[in-house]
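Here are the chains, one letter per residue:
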Amino acid sequence: MSEAVALVAALVAEVAASLALVVAVDALDAALVADVAASDAFVVAVDAELVADVAEEAALVADVLAALACDVAVVAELAALVADDAAFVSEVEALDADVDASLAFVEAVDSDEAAAVAEFALAVADVALAVADDAAAVALEAAAVALVAALTASTKSSK
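Residues numbered from 1 in each chain as written. Predicted model: local features only at pLDDT ≥ 70, side-chain atom pairs only at ≥ 80, totals over all residues. Heavy atoms only, no water.

> Can you help me understand the overall build of the protein in this one?
Looking only at helices and strands, the protein has two helices and zero strands in total. What you see for the protein is a C-alpha radius of gyration of 35 Å, clearly larger than the 15 Å of a compact globule of 159 residues, by over 25%. Principal-axis analysis of the C-alpha atoms places the extent of the protein at approximately 130 × 15 × 15 Å. Sequence separation of 24 or more characterises 87% of the internal contacts of the protein that already satisfy a separation of 6 or more. Working note: accessible area of the protein is about 10,800 Å², and carbon and sulfur atoms make up 73% of it. (Helix = DSSP H or I, 4+ residues; strand = E, 2+ residues; numbered from the N terminus. Rg over C-alpha atoms; globule rule 2.2 N^0.38 Å. Contact = heavy atoms within 4.5 Å. Areas by Shrake-Rupley, 256 points an atom, 1.4 Å probe, with all protein chains shown as cover.)

> What should I look at first to understand the side chain of E113 in this one?
Within the element layout of this structure, E113 appears in helix α2 (residues 89-158). For the buried E113, no salt bridge exists, and the shortest N-O distance to an oppositely charged side chain is 60 Å, to K156. Contacts of E113, omitting those with residues within four sequence positions, involve V64, A67, L68 and D71. (Buried < 20%, exposed > 50% of the residue type's maximum accessible area, 1.4 Å probe, protein only. Lys, Arg positive; Asp, Glu negative; His and termini not counted. Salt bridge = Lys/Arg side-chain N within 4 Å of Asp/Glu carboxyl O.)

> Where do I start with the environment of L78 in this structure?
With respect to the helices and strands, L78 occurs in helix α1 (residues 2-84). A sequence separation of 52 residues divides L78 from D26, and the C-alpha atoms of the two residues are 78 Å apart. Aside from chain neighbours lying at most four places away, what touches L78 is V99 and S102.

Purely spatial values, then, with no claim about function.
See below:
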């Protein structure tokens, strides 16, 4: 009989150890869920920062376009001055040379601005790729959270 009591005591000790292991695994699962939630919050914060950067760059492009409109207005005004000063041929020729230099400068600026717009488009594409990468990371983290939740639910239901 004492042998049976010893066996039962050993089984009870083994069950207690198993339960302690289950509790430890549940605690680890909860820590992992908390870690994934923190990672998700960080990814959301990074995404928000990227969106703010894109908005800021869009405002810069709007400023560049406004500068282009001003350049066009300046060129139109110079053309009007040339038409008004047709009587002064020598002055018109001097102004024409100035206008040609201004147009060359405007074209150089336009080329620079076109290059800046192209560079901005590449930056926007890079941001879009980063956002897509972040979305994929969030999806993977969501899958990990779902897996951890499923494992936790499975572990709790097996109790």
